[in-house]
Amino acid sequence: MSTTTQGKVGIGQRLLDWVENVGNKLPEPFTLFLGLFIITGLVSTAMAMAGVSVTIPGDDETIAIKGLFTGEGLSWLTTTMGENYLGFPPLATVLPILLAVGVAEKSGMLAAAVRIAFGRSPRWLLPYAVGFVGVTGSIMSDSAFIIIPPLAALVFKAAGRHPMAGLIGGFAATGAGYSTSIVPTSLDALFAGITTSVMDTLPNTDFTAVNPVSNYYFNIASSIVLAIVAGFIIDRLIEPNMIRRGVPREYANAGAQGLAKEYRADNPYGESGSAGGGGAEDEDSEIRAELEPQEKRGLIWAVLAALLLTALILFSVLIPNSPWRNEDGGFLPESPLLSSIVFIVFAYFMLMGVVYGFAVRTVRSMNDLVRMMSQSIIDMMSFLILAFILGQFIALFNWTGIGSWIAVAGASGLEAIGLTGFAAVIGFMLLASVLNLFIISGSSMWTLMAAVFVPLFTLLGYEPAFIQAGFRVGDSATQVITPLNPYMIVLLGLVRRYEPSAGLGTVISRMFPFVIPFWLAWAALLAIWYFFDLPLGPGNGIFLN
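Since this is a predicted model, take the numbers as computed values, not measurements. (Residues numbered from 1 in each chain as written. Predicted model: local features only at pLDDT ≥ 70, side-chain atom pairs only at ≥ 80, totals over all residues. Heavy atoms only, no water.)

Chemist: Which residues make up the packing of aromatic side chains, and what values do they have?
Modeler: Within the structure shown, the criterion is met by 24 aromatic pairs. Both rings, one in Trp76 and one in Trp399, keep their centres 4.9 Å apart while their planes meet at 15°; by these two values the pair is stacked. Highlighted residues: Trp76 in helix H3 (residues 71-86) and Trp399 in helix H14 (residues 381-400), separated in sequence by 323 residues. Residue Trp76 shares its accessibility class with Trp399, and that shared class is buried. Measuring from ring centre to ring centre gives 6.4 Å for Phe514 and Phe518, while their planes differ by 70°; the resulting arrangement is edge-to-face. Note that Phe514 and Phe518 are positioned in helix H20 (residues 504-531) at a spacing of four residues, about one turn of the helix. (Phe/Tyr/Trp six-rings, centres within 6.5 Å; stacked < 30°, edge-to-face > 60°. Helix = DSSP H or I, 4+ residues; strand = E, 2+ residues; numbered from the N terminus. Buried < 20%, exposed > 50% of the residue type's maximum accessible area, 1.4 Å probe, protein only.)

Shown next, in the form of structure tokens:
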């Protein structure tokens, strides 16, 4: 009896160990793309010496592959390195939004909005509120993994429900639905920049430009559907399972200590503590769902400011001869209004963060704003370093012509085996889900996949924005079951407050019920968009005209 049980445990553990071991053998992203850069340079040089060329379907021009390790290639590299870095499109879109989101986060506005969403939910609605807040939590970037799960646990306990269900559900919804949100985020800007940059592989191709709201309609529907799926799983599966297994309901408040310090209204910079710190006696650092009267007033003023900004934008764009209209007097498919999306997102987050900060006194002067924006840049420093090699890789891929060659060859291969419809998209999403087990960085994985698959599917007749939407489906669902997710360790520490003997395998097993339903629901939603040819966002459709 014990041997059989041990055998079953051993198989599961060996699977987890295999994922972890394979992932650990991958170099960190900078080294990975440096290696890919060198490999691309060697392959392109060999192809150039062999006289390989490619003709884009519908274009009479023949593109000859150029090699990096030639006189022309080395000259290109030495004269364009800075341009390749500073011209990396995500930098121009992500950084402005990041500055504004930093103010909204460090002032406490975002955390207060999350807390009021939990605190106002009735007992029966709590699982779905956790699902919705978790799925849209990417607005706070990686901070969502730290603030949402323990807060959900406390709210569940206060409502007389099992706190472990809130903890597990909050983390699963945040991770498995990370690539979507009800409002545009810096992630949308990041993906859009990468998607647009790789289209230089296909010169003279008529496609609709991709911007931070190119998947907005799809994202809204995804957020709602995935929130319902998450809530249903928490309510009907996770919580009953916790009760049936006899997992204790007692919640050690020390598990949440320190995690809230960064988001306290009187300590927006987290200077007095770090994640995991604090003790049960440190009442001031405990995460609370209830808002103080001052915080409520701050949110009211922030919402009023947002409404005023909305009225101003509507007046500016709806008046006759508005400078934000296109030459035809409209807004689609392109217009100055759509080109102003980064500014609009920046304005909303900055205005609401500043107004809230002044109301609750986390912002007292311009120095505070500068400090908050500086901290947000520091938090993104690893991405800024990674962006250097990502920009070089994409620029090399485009300049050599090897990306065009792969796209044409890949599209021809798929057509030869008859895999050109939605089945090909499903295969692409499955590949993204598998790679997501080993490459946790979304920007790294999308850079790698977009360089090949965006041009490839464009040649098959799909808009780049649609392929980006497909990537969203495959990118998130499996990141809650990979041991390489650094926030799994944070979750494990909280889970051990209930189950002291829990290990990483325990945490991953709790996540599994979310993965397949999330993936299938999201893929089904994309299928509806595909077969009914619905717009993904303002001016962005499924198929090329």
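Chemist: I'd like a rundown of the side chain of Ser443, residues and numbers included.
Modeler: Locating Ser443 in the fold gives a position in helix H17 (residues 442-459). In terms of polar contacts, Ser443 uses its side chain to reach the side chain of Ser441, at 3.1 Å. (Polar contact = N/O pair within 3.5 Å; in protein donor to acceptor, adjacent residues only side chain to side chain.)

Chemist: So what's going on with the packing of helix H6 (residues 126-135) against helix H8 (residues 163-176)? Residues and values would help.
Modeler: Contact pair H6 / H8: the axes reach a minimum separation of 7 Å and the direction vectors enclose 35°. Crossing hand, H6 versus H8: right-handed. Residues Val130, Gly131, Gly134 and Val135 of H6 form the contact with H8, whose participating residues are Gly166, Gly169, Gly170, Ala173 and Thr174. Its residues placed into classes, the contact of H6 with H8 shows three nonpolar, six polar and no charged. (Axes fitted to C-alpha atoms, helices over the stretch in contact; angles between N-to-C directions. Left-handed = near helix turned anticlockwise from the far one by under 90°. Contact = heavy atoms within 4.5 Å. Nonpolar A, V, L, I, M, F, W, Y, C, P; charged D, E, K, R; others polar.)

Chemist: Quick one: what's the story with the environment of Ile389, residue by residue and with numbers?
Modeler: Relative to the assigned elements, Ile389 resides in helix H14. Owing to a relative accessible area of 4%, Ile389 belongs among the buried residues under this scheme. The contacts of Ile389, once residues within four sequence positions are left out, are Phe30, Phe33 and Leu34.

Chemist: Could you give an account of the environment of Asp188, with specific residues and numbers?
Modeler: Its location among the elements puts Asp188 in helix H9 (residues 186-198). Expressed as a C-alpha distance, the spacing of Asp188 and Ser214, which sit 26 residues apart in the sequence, is 8.5 Å. Beyond its immediate chain neighbours, meaning those up to four positions away, Asp188 contacts Val183, Pro212, Asn219 and Arg472. Looking at Asp188, its side chain comes within polar contact range of the side chain of Asn219, at 3.2 Å.

Chemist: Give me the lowdown on the side chain of Ser222, citing residues and values where you can.
Modeler: With respect to the element layout, Ser222 can be found in helix H10 (residues 216-244). Setting aside chain neighbours within four positions, we find Ser222 in contact with Thr180, Trp522 and Leu525.

Chemist: If you had to explain H17 to someone new, which residues and values would you point to?
Modeler: Compared with the 26 Å implied by 1.5 Å per residue over 18 residues, the 24 Å span of H17 between its first and last C-alpha is a close match. At Ala450, H17 shows its largest kink, close to 45°. Taking burial as the measure, the 18 residues of H17 include 15 buried ones, the bulk of the element. Remark: Gly461 follows H17 within two positions and exhibits a positive phi of approximately 105°. (Expected span 1.5 Å × (residues − 1). Bend = angle between axes of the 7 residues up to and from the residue.)

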